[in-house]
Amino acid sequence: EGKILLVGGGAPTASAEVIDLIGGGGFRTVAPMSVARRQVNATLLADGTVLATGGTNGTGFNASPTDSRVLDAERWDPATETWTPLARMSHHRLYHSTALLLPDGRVLSVGSGEPPASGHVNDLTAELFSPPYLFKPDGSPASRPEITLAPTSVTYGERFTVQSPQAATIVRATWIRLSSVTHSFNQNQRMNRLTT
């Protein structure tokens, strides 16, 4: 809570930094991604980890990648401040690409182009990424809680109730604001941990 993760850069870089707003606002370097990225999308996931997707390691404003590892998704864990490589995308997501968390917990990664990178065309495709928390260790789908009652809206500071038949087994509840992504920056992305 109270932290911002900065990854990638205006020039390709694998660096990652954390700004601690509660602890005085200073920058500190954390473990780098596995590959330098420019135009990377970082998506806050439902479990509080961050998914880095797309980007290019090529130099210049809109250059093609020279390292296929930019197709690999990477997940940053704020508890360990380390990165884990995950599934590979099938399309390069470069300039004007978007990635955002969907209400079902998956990540939508779309587009690239306008203008396309050298050697590429405008990519109007979409890919869905299913984070590890959607699965049990054996690969089968994880159980999802059912919400039987919830308000349609709440105001700031208002107390509210959410009901679920699985309430006794739910250990954490969070809200994640709807995304608004452009140019590798999601200005709306934030998480609130709810008290139970």
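Computed from a prediction, not measured in an experiment: that's the story for all the values here. Each chain carries its own residue numbering, running from 1 in the written order of its sequence. In view of the model being predicted, local features appear only for residues whose pLDDT reaches at least 70, and side-chain atom pairs are presented and counted only at 80 or more, with totals across whole chains, interfaces and linings using the full set of residues. Heavy atoms from the whole structure form the basis of all side-chain values; hydrogens and water molecules are not counted.

### Comments concerning the environment of Trp76
(1) Moving on: The way it works is that DSSP assigns letters per residue, a run of H or I at least four long becomes a helix, a run of E at least two long becomes a strand, and they are numbered from the N terminus. Its location among the elements puts Trp76 in strand β6 (residues 72-77).
(2) Moving on: Residues Trp76 and Ala16, 60 residues apart in the sequence, show an inter-C-alpha distance of 9.6 Å.
(3) Moving on: If we skip the residues at most four places from it in the chain, Trp76 touches Leu5, Val18, Val30, Thr49, Val50, Glu81, Thr82 and Trp83. Contacts: residue pairs with any heavy atoms within 4.5 Å of one another.

### Points about the pattern of salt bridges
(1) Moving on: We define a salt bridge as a contact between a side-chain nitrogen of Lys or Arg and a carboxyl oxygen of Asp or Glu at a distance within 4 Å. Overall, the coordinates contain eight salt bridges when judged by the stated rule.
(2) Moving on: In this structure, the salt-bridge partner of Arg28 is Glu81, at a minimum N-O distance of 2.7 Å. With Arg28 in strand β3 (residues 27-30) and Glu81 in the loop between β6 and β7 (82-88), this pair connects stretches of sequence that are 53 residues apart.
(3) Moving on: With a 1.4 Å probe rolled over the protein chains alone, any residue whose accessible area is under 20% of its type maximum counts as buried; one over 50% counts as exposed, and the rest are partly exposed. Exposure remark for Arg28: the relative accessible area of 34% places this residue in the partly exposed category.
(4) Moving on: Among the salt bridges present, the one from Arg69 reaches Asp67, with a minimum N-O distance of 2.7 Å.
(5) Moving on: Judged by relative accessible area, Asp67 falls into the buried class, the value being 18%.
(6) Moving on: Residues joined by salt bridges that share partners form a network here, namely Arg93, Asp123 and Glu127.

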